[in-house]
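# Architecture at a glance
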Amino acid sequence: MPDRNAPLSHRLATEADLDSIRALMDVAIAELQKGVLTPAQISASRGSMGLDTSLIRDRTYFIVEDELTGEMAGCGGWSRRATLYGGDHSAALRDERLLDPETEPAKIRAMYTHPNHTRKGVGRLILSLGEAAARQEGFTRIEMGATMAGVPLYEACGYHIIEKGMAAPVDGIEVPVWRMGKSLL
Ligand SMILES: CC(C)(COP(=O)(O)OP(=O)(O)OC[C@H]1O[C@@H](n2cnc3c(N)ncnc32)[C@H](O)[C@@H]1OP(=O)(O)O)[C@@H](O)C(=O)NCCC(=O)NCCS
């Protein structure tokens, strides 16, 4: 059983974290979507999930660590750019345009918790860090493209469903991605 009271620390991700982030994402995608997607959908979901290095360059991506062991427990962040979801490889989904905080919602991006560290508040912590940073830059709304594994976390943190959509099919396999959002006011 995970220790739900294990102390967590957080910091901004750097390029030195890239390999560890990739490894954590890989295991989270494989293990934590099992209850909500078929094996074929999990495989297809890799087309629209994973590492977006622009978040690390922008210094809007966080690492959460188990303070006692130093182990990476999770990662995730936010963005002032238009891309809603997707990794470096998801070329069709990318839009590097800077958003206007007065009229457009900031984005929550690339949330992943290591399977050994779920339900300890890692996801909730990263969301609160991203929301605070976006608010600090003048954004009044925030949105994301949510996987089915992410929906319970986002609903628990006050996000509502805006649109139930699908990622572009991979080998004919469709994977749900729901646009969700909340006010930062
Ligand atoms: C989604 C994900 C990041 C959640 O991470 P987490 O660190 O376990 O979430 P938290 O511990 O902060 O959960 C906070 C609350 O969200 C809800 N929640 C989170 N995971 C849940 C689950 N699997 N089932 C039901 N509720 C859940 C609960 O209300 C929880 O509070 P509680 O534990 O006190 O009941 C993690 O499951 C994951 O990495 N999934 C695979 C990758 C993915 O799909 N990421 C989302 C991309 S949009």
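Quick caveat, the model's predicted, so the values are computed rather than measured.

### Description of the site of the ligand
The environment of the ligand is formed by 23 residues, the closest being Gly-123, Ala-149, Gly-150, Pro-152 and Ala-156. Secondary-structure elements contributing two or more residues to the shell around the ligand are helix 1 (18-31), strand 4 (106-113), helix 4 (122-136), strand 5 (141-146) and helix 5 (151-156). For the shell around the ligand, the per-class residue count stands at 12 nonpolar, eight polar and three charged.

### Side note on the sheet that holds strand 4
Strand order in the open sheet formed by seven strands is 1-2-3-4-5-7-6, and the pairing between neighbours is mixed. Both outer strands of the open sheet, strand 1 (8-12) and strand 6 (160-166), are each paired with one neighbouring strand and no more. Averaged over all adjacent pairs, the angle separating strand axes in this sheet is 25°, with direction ignored. Bridge count for strand 5 against strand 7 (residues 176-183) is six bridges, and the pairing is antiparallel. Bridging across to strand 7, Arg-141 finds its partner in Ser-183. Running over the sheet, helix 4 touches strand 1, strand 2 (61-66), strand 3 (72-79), strand 4 and strand 5 and is turned about 30° from strand 3.

### Points about helix 1
Over its 14 residues, helix 1 runs 20 Å from end to end, which matches the ideal 20 Å to within 8%, given 1.5 Å per residue. Turning to helix 1, its buried residues number three or more, namely Ile-21, Leu-24, Met-25 and Ala-28. Take helix 1 and look down its axis: the buried residues cluster within an arc of 100°, on one side only. With respect to the buried face of helix 1, the exposed residues turned more than 90 degrees away are Asp-19, Arg-22 and Ala-23.

### Brief notes about the nonpolar core
Formed by 41 residues in total, the largest nonpolar core has its most connected members in Ala-13, Leu-24, Phe-62, Cys-75 and Tyr-112. Residue contributions to this core peak at five residues, all from strand 4.

### Focus on unusual backbone geometry
The phi angle at Ala-110 is positive, at roughly 50°, despite the residue not being glycine. Among the structural elements, Ala-110 can be located in strand 4. The phi angle at Asp-171 is positive, at roughly 50°, despite the residue not being glycine. Along the chain, the position of Asp-171 falls in the loop between strand 6 and strand 7.

Criteria and thresholds
- Residues numbered from 1 in each chain as written.
- Predicted model: local features only at pLDDT ≥ 70, side-chain atom pairs only at ≥ 80, totals over all residues.
- Near = placed C-beta within 6 Å.
- Helix = DSSP H or I, 4+ residues; strand = E, 2+ residues; numbered from the N terminus.
- Nonpolar A, V, L, I, M, F, W, Y, C, P; charged D, E, K, R; others polar.
- Pairing = 2+ DSSP bridges.
- Axes fitted to C-alpha atoms, helices over the stretch in contact; angles between N-to-C directions.
- Contact = placed C-beta atoms within 7 Å.
- Expected span 1.5 Å × (residues − 1).
- Buried ≥ 20, exposed ≤ 12 C-beta atoms within 10 Å, placed from the backbone.
- Arc of directions from axis to C-beta.
- Core = buried A, V, L, I, M, F, W, Y, C linked by C-beta atoms within 7 Å.

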